[in-house]
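Results of the structural survey
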Amino acid sequence: MQLAVPSFDCLVMEEDLLRRLIQEAKAGEIASFERLIVLHERWVLRVAQRLLLNREAAKDAAQDVFLRVHQKIRSVDEKQDFRAWLYRITANICFDILRRAKNDMPIDLGWDPVACGDDPEKSAAALQAKQLVLAALKNLSPREREVIVLRDLEGYSSAEVARILGSSETTVRSQISTGRAKMKSFILASRGRKA
């Protein structure tokens, strides 16, 4: 089975549509702003869940993100990467929530173990593995969690992560390496093994 890769023309068309929606939203067109929200709401929620590790807090964060986007839409440069701008707003709001929670926020992504299939043993093992990874993510610094979420969970390249975070690619690669090593050590320690 071969994966469908969007053509260059399709990507250019999407960029043109996004640029047009931003221009119209900046001019006060509510329908265009709503379309921007619809196009990005699932992505914002997913990123917020991965940064906060809590579904309810992520829902609140996503609402705050789009309120902030509404307030700041006139300042966005439609020639720049909208998703990078949106990510910065999302991350800033999530880290504000984490600072206020002072590490007391429980890990909860609303994951349903039944979704893993009919085998209860496999479902329990999958749930345990997921909870272990989430606990390992929780033990990372905010910046390490950011780079791991963007690189390993969202699938961005190191260069794209650097651009989104306004950092150098070398710094990002170092943070990814450190974050992965910390996660591995945490997971191995949790399973009673040495790194």
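Overview of the structure.

What counts and how
Residues numbered from 1 in each chain as written. Predicted model: local features only at pLDDT ≥ 70, side-chain atom pairs only at ≥ 80, totals over all residues. Heavy atoms only, no water. Phe/Tyr/Trp six-rings, centres within 6.5 Å; stacked < 30°, edge-to-face > 60°. Helix = DSSP H or I, 4+ residues; strand = E, 2+ residues; numbered from the N terminus. Buried < 20%, exposed > 50% of the residue type's maximum accessible area, 1.4 Å probe, protein only. Lys NZ or Arg CZ within 6 Å of the ring centre and 35° of its normal. Contact = heavy atoms within 4.5 Å.

The full count for this structure, using the stated rule, is 1 aromatic pair. On the numbers, 5.6 Å between centres and 35° between planes, the contact of Phe82 with Trp85 is tilted. With Phe82 and Trp85 both in helix 4 (residues 82-101) and 3 residues apart, this pair spans about one turn of that helix. We classify Phe82 as buried; its relative accessible area is 3%. The ring of Trp43 carries Arg83 above its face, with NZ or CZ at 4.5 Å from the centroid.

With respect to the helices, strands and loops of the structure, Glu146 is situated in helix 6 (residues 142-153). Of the residues examined, Glu146 reaches a relative accessible area of 3% and is grouped as buried. Those residues in contact with Glu146, other than ones at most four positions away along the chain, are Leu51, Tyr87, Arg88, Ala91, Phe95 and Leu165.

Further remarks concern the environment of Ala162. Inspection of the secondary structure puts Ala162 in helix 7 (residues 158-165). Judged by its relative accessible area of 5%, Ala162 falls in the buried class. Ala162 sits 15 residues away from Val147 along the chain, and the two C-alpha atoms are 8.7 Å apart. With near-sequence residues (within four places) excluded, Ala162 lies in contact with Ser167, Ser168, Glu169 and Val172.

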